[in-house]
Amino acid sequence: MITYFVAAIISAVIFVFMVGPSNVGLEISKINWTSIILAIAIVGLEVGYVFVYRAGWAVSTASVVANIGLACVLLVVGYLLYKENVSMTQMLGFFVCMVGLILINL
């Protein structure tokens, strides 16, 4: 909680510095739902890290598995929800990642 609180304060100071104090209200009014969902996702990832560390996973293994899994999920979400193009190279990378996850978890 302290980490996120300090990060929020630092981010707020940077935000005010970047947009100027007179424009803060205008810029905040431009916030849409994706910012809220992203914040929830970030907290979910951090909670997931805490849970896997408490379950006894090695720090190096847990972060690799989480980051590879996140990249693969984002590829699928981008394709299905945002109609992004997925190249053959990306598909090959996706399958290599899946094989890597299987090998790490054996």
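This text goes with the structure placed above it.
Residues numbered from 1 in each chain as written. Predicted model: local features only at pLDDT ≥ 70, side-chain atom pairs only at ≥ 80, totals over all residues. Heavy atoms only, no water.

Draft legend 1. How the structure looks around the layout of surface pockets. Of the volumes computed, that of the largest pocket is approximately 340 Å³. Around the largest pocket, the lining comprises 13 residues; the ones closest to its centre are Ile37, Leu38, Ala41, Leu74 and Val77. Looking at which element gives the most residues to the lining of the largest pocket, the answer is helix H3 (residues 33-54), with 7 residues. Residues of the lining of the largest pocket, tallied by class, amount to 12 nonpolar, 1 polar and no charged. (1 Å grid on protein atoms, 1.4 Å probe; cavity = no way out; pocket = protein on both sides within 12 Å on 5 of 7 lines; lining within 4 Å. Points joined across faces, edges and corners; volume = space filled by probe spheres on them. Helix = DSSP H or I, 4+ residues; strand = E, 2+ residues; numbered from the N terminus. Nonpolar A, V, L, I, M, F, W, Y, C, P; charged D, E, K, R; others polar.)

Draft legend 2. Region of the structure containing the packing of helix H4 (residues 59-82) against helix H5 (residues 88-104). Put simply, H4 and H5 touch, their axes get as near as 10 Å, and they point 150° apart. Between H4 and H5 lies a crossing of left-handed hand. Here Thr61, Val64, Val65, Ile68, Gly69, Cys72, Leu75 and Val76 of H4 lie close against H5, whose contacting residues are Gln90, Phe94, Cys97, Met98, Leu101 and Ile104. Split by residue class, the contact of H4 with H5 holds 11 nonpolar, 3 polar and no charged. (Axes fitted to C-alpha atoms, helices over the stretch in contact; angles between N-to-C directions. Left-handed = near helix turned anticlockwise from the far one by under 90°. Contact = heavy atoms within 4.5 Å.)

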